[in-house]
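Listed below, chain by chain, are the residues.
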Amino acid sequence: MIEYENLGKLNKLFFSDYESAFKATLESGWYILGSQVAEFEKDFAKYCGTAHCAGLASGLDALIIALKAFEFKKGSQVILPSNTYIATILAAIQAGLEPVLVEPDINTYNIDPEKIRAAITDKTVAIVVVHLYGKSCEMDKITQICKEHSLKLVEDVAQAHGAEFKGKRTGSFGEFGAFSFYPTKNLGALGDGGSLNTNDKDLDEKVRMLRNYGSKVKYVNEVIGYNSRLDEVQAAFLSVKLKKLDQINEHKRKLARVYLDNIKEDFIKPVEHEDYFDVYHIFNVRHPKRDQLREYLLNKEIKTEIHYPIPPHEQLAMKGILDKGYYPISEEIHKTTLSLPVSYFHTVDDIHQVTEALNDF
Ligand SMILES: *Cc1c(COP(=O)(O)O)cnc(C)c1O
C-alpha cells in the first residue's frame, strides 16, 4: 500500500525535537503570544525575505485579516482565481468584499495575468493570487498590473512555503503574504496556524492589533478585532519544522523529478520553467479518464487525492454569489486533475512504483 499522506509517519521524523520544544513551552508557563511565537515570527520573516511576520490562528484568518487591514469600502471588488481552494474566496466574502473570479492559465493552473486586466473595474481594490500546488504565479506581470491600477496585492501562500519566482520567495511580492500552517502543508504545525508576512511596518502593527482583540496595550481596544493568535506550542513545533523546510522541499522536488522524467506523455504533467522554483505541495497529473484512473490505482493499492473535486463557483455555499459566472478552464482542471503521493516520508522507490502503475493504465 502506498498512502497519499500519513501525518503520523511524517511527524515521527521530527519526534525528539518536537518533544524538547513541547517541554520547553510547557515549563515556560506562557502559552499565548510569548517568546516562542516571537522567535518563529523573526525566523519565518527572514526565511521569506520579508521585514515582518505576525503569527495567526489559521490561513483563512490570515486572508481575512489581510483584507480587513486595508479598510476598504464595503462592497469593493477583489479579484481572485476561479481555480483555488474555497478558503481564498471565503476570505473575501467574510471581509465584506465582492469576489470577482478570474480564470487560470491551463498550463500553470494559476491565475492568468492577461485575464486580470479584463476583470478590473472602478470598484476593484485588490488582487488575491494563489500559488497553487507549490508553483508561483507570474509575479512580474501581476505586480506590474497592481502598480498601474493602484491595487493592493495579497498572496495566498498556503501551498507554497519556500517557492520562488525568478529567485524571489513567494509571500514577499505583495502587501501581504498569507500563510497557512495546517498540518498537511509543506510547513505544517500539529494543529491550526497561519501568518501574515509584510514589508510594511504600519500594516504589520495593524495585523498585530487585529489578531488580539484590536488591542496594542492590554485592556485598551482601538479597533474591532479578532482572537486569532498562533499558539506558543504550535510556534515551538513550527520552529522545529522551519529548520527542515528546505530539506522537505528538496525531497519533494526529488520525488517530482522522478515523476516528471518517467511518466508517459499520455498524462498532462506540471510545466517546468526556469523562472519557477516549485515546491510541489501537490504533484498532479491530468487525464480525461481521471476517475477511472483513480479507481485503477486504488486497486493497485496506491492512494491518490483530488485537488479539488468541485470548483468554488459550483459549491452550494456560493449559490447566488458565484453561480452566474462561466469558468470552463477551472471546470476542466477540476474534472481531470489527480494528485499523486509526494510526501516527505515517501521514497524514490515508492514513486517509481506509482509511475509504473500509472504508465500501465
Ligand atoms: C489550506 C489553504 C488555505 C486555508 O488554510 P487554513 O489554515 O486551513 O485556514 C487557504 N488557501 C489555500 C490555497 C489553501 O490550500
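Conventions we followed
Residues numbered from 1 in each chain as written. Predicted model: local features only at pLDDT ≥ 70, side-chain atom pairs only at ≥ 80, totals over all residues. Heavy atoms only, no water. Helix = DSSP H or I, 4+ residues; strand = E, 2+ residues; numbered from the N terminus. Buried < 20%, exposed > 50% of the residue type's maximum accessible area, 1.4 Å probe, protein only. Lys, Arg positive; Asp, Glu negative; His and termini not counted. Salt bridge = Lys/Arg side-chain N within 4 Å of Asp/Glu carboxyl O. Polar contact = N/O pair within 3.5 Å; in protein donor to acceptor, adjacent residues only side chain to side chain. Contact = heavy atoms within 4.5 Å. Pairing = 2+ DSSP bridges. 1 Å grid on protein atoms, 1.4 Å probe; cavity = no way out; pocket = protein on both sides within 12 Å on 5 of 7 lines; lining within 4 Å. Points joined across faces, edges and corners; volume = space filled by probe spheres on them. Nonpolar A, V, L, I, M, F, W, Y, C, P; charged D, E, K, R; others polar. Axes fitted to C-alpha atoms, helices over the stretch in contact; angles between N-to-C directions. Domains from an automatic or database assignment. Buried area = accessible area lost by both parts, 1.4 Å probe. Near = heavy atom within 4 Å. Sits in = over half its atoms within 2 Å of the grid points. Patch = residues over 30% accessible without salt bridge, like charges linked within 9 Å, V, L, I, M, F, W, Y side chains within 5 Å. Areas by Shrake-Rupley, 256 points an atom, 1.4 Å probe, with all protein chains shown as cover. Core = buried A, V, L, I, M, F, W, Y, C linked by side-chain atoms within 4.5 Å.

**Considering the side chain of Lys252**
At step 1: Here Lys252 shows up in helix α10 (residues 245-262).
At step 2: Glu5 provides the closest opposite charge to the buried, unpaired Lys252, separated from it by 5.6 Å.
At step 3: Polar side-chain contacts of Lys252 include one of 3.3 Å to the backbone oxygen of Tyr280.
At step 4: The contact partners of Lys252, leaving out residues within four places of it in the chain, are Asn186, Val279, Tyr280, His281, Val342 and Ser343.

**Considering the sheet that holds strand β7 (residues 168-169)**
At step 1: As summarised here, the arrangement of the three strands in space is β7-β6-β12, forming an open sheet in which the pairing is antiparallel. Strands at the two margins of the open sheet, each flanked by one partner only, are β7 and β12 (276-277).

**Here's the deal with the layout of surface pockets**
At step 1: Approximately 690 Å³ is the volume found for the largest pocket.
At step 2: Around the largest pocket sit 33 residues that line it, and Tyr182, Thr184, Lys185, His281 and Tyr308 are the ones nearest its centre.
At step 3: Those elements giving two or more residues to the lining of the largest pocket turn out to be α4 (59-69) and α5 (86-94).
At step 4: Here the element with the most residues in the lining of the largest pocket is α5; it accounts for four residues.
At step 5: When the residues that make up the lining of the largest pocket are grouped by side-chain class, the tally is 16 nonpolar, 11 polar and six charged.
At step 6: Along the wall of the second largest pocket there are 16 residues; nearest its centre are Leu33, Asn212, Ser215, Lys218 and Arg229.
At step 7: Those elements that place two or more of their residues in the lining of the second largest pocket are α8 (201-210) and β10 (215-217).
At step 8: Across the lining of the second largest pocket, the residue classes tally to seven nonpolar, three polar and six charged.

**Observations concerning α8**
At step 1: For α8, the set of buried residues is Leu203, Asp204, Lys206, Val207, Met209 and Leu210.
At step 2: At its buried positions, α8 is contacted by β1 (52-56), α4, β8 (176-180), β9 (194-198) and β10.

**Some words on the sheet that holds β8**
At step 1: The sheet built from seven strands is open, its strands ordered β1-β9-β8-β5-β4-β2-β3 with mixed pairing. This sheet does not close on itself; its edge strands, each paired only once, are β1 and β3 (98-102). Direction aside, the axes of adjacent strands within the sheet are offset by 20° on average.
At step 2: By the bridge criterion, three bridges tie strand β2 (residues 77-81) to strand β4 (residues 124-130) in an arrangement that is parallel. Looking at β4, one finds that Gln77 is bridged to Thr124.
At step 3: Seen against the sheet, α4 touches β1, β2, β4, β5 (152-156), β8 and β9 and runs at an angle of roughly 160° to β8.
At step 4: Sitting on the sheet, α8 is in contact with β1, β8 and β9, with an inclination near 15° to β1.

**A closer look at the domain arrangement of the protein chain**
At step 1: Assigned domains of the protein chain: these are domain 1 (7-242) and domain 2 (245-360).
At step 2: Across the domain 1/domain 2 interface, buried area totals approximately 3,600 Å², and carbon plus sulfur atoms make up 63% of it.
At step 3: In terms of surface lost to domain 2, no three residues of domain 1 exceed Tyr109, Tyr133 and Asn186, which account for 21% of the buried area on that side.
At step 4: One can count two salt bridges joining domain 1 with domain 2.
At step 5: A salt bridge links Asp278 to Lys135, with the shortest nitrogen-to-oxygen separation between them at 2.8 Å.
At step 6: Where domain 1 touches domain 2, the interface holds 21 residue pairs in polar contact (both at pLDDT 80 or more).

**Here we look at the site of the ligand**
At step 1: With respect to spatial proximity, 14 residues lie near the ligand, and among them Gly59, Asp156, Gln159, Ser180 and Lys185 are the closest.
At step 2: Between the ligand and Leu60, the relevant distance is 2.8 Å, taken from an oxygen atom to a main-chain nitrogen or oxygen of the residue.
At step 3: Here the ligand is seated within the largest pocket.
At step 4: Among the elements of the structure, α4 and α5 are those that each provide at least two residues to the shell around the ligand.

**Things to note about the pattern of salt bridges**
At step 1: All chains considered together, the criterion is met by 21 salt bridges.
At step 2: A salt bridge links Asp43 to Lys42; the shortest N-O distance between them is 3.9 Å.
At step 3: According to the relative accessible area criterion, Asp43 is partly exposed, its value standing at 27%.
At step 4: Here Asp291 makes a salt bridge to Arg290, at a shortest N to O gap of 2.7 Å.
At step 5: What makes Arg290 buried here is its relative accessible area of 6%.
At step 6: Several salt bridges converge on common partners, so that one network encompasses Glu41, Asp204, Arg208 and Arg211.

**With respect to a nonpolar patch on the surface**
At step 1: There is a patch of nonpolar side chains on the surface, built from Phe22, Leu26, Tyr31 and Ile32 and spanning about 380 Å² of accessible area.
At step 2: For Phe22, the position within the fold is in helix α2 (residues 15-28).

**A short note on the nonpolar core**
Burial of nonpolar side chains together is a common tendency in soluble globular proteins.
At step 1: Ranked by internal contacts, the top residues of the largest apolar core, which has 33 residues, are Leu67, Val78, Val154, Phe176 and Leu196.
At step 2: For this core, the secondary-structure elements that each account for two or more residues are β1, α4, β2, α5, β4, β8 and α8.
At step 3: Looking at which element gives the most residues to this core, the answer is α4, with seven residues.
At step 4: Counting the residues that make up this core, at least three belong to each of domain 1 (7-242) and domain 2 (245-360).
At step 5: Filtering out sequence-adjacent residues up to four positions away, Leu67 remains in contact with Phe72, Val78, Ala91, Ala92, Ala95, Leu97, Val128 and Val154.
At step 6: In terms of nonpolar packing, the next biggest core, distinct from the first, is built from 23 residues, Phe267, Val285, Val342 and Ala357 among them.

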